[in-house]
Amino acid sequence: MDDFSKNEGFIWFDGELIDWKDAKVHVLTHGLHYASSVFEGERCYDGKIFREIEHTERLHHSANTLGFKIPFSIDEICKIRKLVLDSNKIRDGYIRPVAWRGSEMMGISAQKNTIHLAVAAWEWPSYYSPEARLKGIKLDLSKWRRPSPETAPVSTKAAGLYMICTLAKHEAEEKGCQDALMLDHRGYIAETTSANIFMVMNDEIHTPLPDCFLNGITRQEVIKIAKNLGIRVVERHMKLEELQKASEVFVTGTAAEVTPVSQIGELVFKPSAISKKMIEEYNKITS
Ligand code: PMP
């Protein structure tokens, strides 16, 4: 069985590079009990980190929103990331910075807790050719809904937001789907468990307004690509019934890149020209 804690290599942990196996935290860590933890998911392609500054700024934003300050600047985190990639000899990989509150106070209040930062990275080549991607993935329609901005810090990558994502993803996998589509607290289409969603309608691209979920960095790039291609992009609230009018559906994210969708519940889609074009154009800006 694979186990990420048993990989070979080095992880940067609170100021130094240490052996992968020694990168551990104590069980009385606030982040573990109360989800006071934020993270990023980043990729590097042929040694170049994709949208590095945007990801690092988002990490700071996530921490600030949870009320703590990461004790390393944007510039310092970029240097740490390079050290981690170089020492593990990774050129095509996934990078996972994570920051969390430590164990000084063990209760809801964590005013005095120290803030920790770790950065790990592992090999992750881009596996799928555009043709293979065009087969598409199947999405389950989840019963879990994205919370309102009054309920949770929705614009962050805070660990606690992923509790319902793991529930939704497990339920989807049990039904033979690769991921789940989640609605928001109002019943509008939101996103999947870790990617934003786009629908092609009458040669335009429609996508939900990110007012209660992450406005993904890939999402923003894909919108720019579409606009540069002269495709009209409409960001708006979208009802579930509208999926019936979509000719193509695709999702975007650091891990998913641009991945077409072949089925959502009973609805079937045929990934075609626009999905193919978006995959190709996204490949161009990442390679
Ligand atoms: N939504 C969620 C919940 C995510 O975890 C991610 C992945 N970070 C995304 C959307 C896509 O964001 P990005 O394109 O910045 O990776």
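Residues numbered from 1 in each chain as written. Predicted model: local features only at pLDDT ≥ 70, side-chain atom pairs only at ≥ 80, totals over all residues. Heavy atoms only, no water.

Tracing the sequence through the fold places T192 in strand β10 (residues 189–192). Taking the relative accessible area as the measure of exposure, T192 reaches 0% and is therefore buried. Residues contacting T192, with those up to four places away along its chain left out, are L139, R146, D179, A180, L181, M182 and V251. (Helix = DSSP H or I, 4+ residues; strand = E, 2+ residues; numbered from the N terminus. Buried < 20%, exposed > 50% of the residue type's maximum accessible area, 1.4 Å probe, protein only. Contact = heavy atoms within 4.5 Å.)

On to the side chain of E281, then. Residue position: E281 is located in helix α7 (residues 273–286). Ignoring sequence-local partners within four residues, the contact set of E281 consists of I225 and L229.

In this section: the packing of helix α2 (residues 52–65) against helix α3 (residues 74–87). Packed helices, taken two at a time, are described by the angle their axes make and the gap between the axes. Where α2 meets α3, the axes come as close as 10 Å, and the angle between the chain directions of the two elements is 120 degrees. One way to sum up the angle between α2 and α3 is to call them oblique. Once α2 is placed against α3, the crossing between them reads as right-handed. Counting all contacts with α2, which are made through E52, I53, T56, E57, L59 and H60, the residues of α3 involved are I74, I77, C78 and R81. Taken together, the residues that form the contact of α2 with α3 break down as five nonpolar, two polar and three charged. (Axes fitted to C-alpha atoms, helices over the stretch in contact; angles between N-to-C directions. Parallel < 35°, antiparallel > 145°, perpendicular 65-115°, else oblique. Left-handed = near helix turned anticlockwise from the far one by under 90°. Nonpolar A, V, L, I, M, F, W, Y, C, P; charged D, E, K, R; others polar.)

This paragraph deals with the domain arrangement of the protein chain. Once the domains are mapped, the protein chain shows domain 1 (4–123) and domain 2 (130–286). Taking only C-alpha atoms into account, the centre of domain 1 sits 26 Å from that of domain 2. Taken together, the contact pairs 18 residues of domain 1 with 19 residues of domain 2. Overall, the association of domain 1 and domain 2 removes approximately 1,600 Å² of surface from exposure, summing both partners, and the carbon and sulfur fraction of that is 62%. Three residues, F39, F50 and R58, lead the burial of domain 1 against domain 2; their summed loss comes to 35% of the area buried on that side. The interface formed by domain 1 and domain 2 includes two salt bridges. With a shortest N-O distance of 2.6 Å, R51 and E221 are connected by a salt bridge. Connecting domain 1 to domain 2 are nine residue pairs in polar contact (both at pLDDT 80 or more). Residue assignment for the side of domain 1 that touches domain 2 shows that the elements contributing at least two residues are β3 (37–39), β4 (42–45) and α2. Broken down by element, the residue count for the side of domain 1 that touches domain 2 peaks at six residues, all from α2. (Domains from an automatic or database assignment. Buried area = accessible area lost by both parts, 1.4 Å probe. Salt bridge = Lys/Arg side-chain N within 4 Å of Asp/Glu carboxyl O. Polar contact = N/O pair within 3.5 Å; in protein donor to acceptor, adjacent residues only side chain to side chain.)

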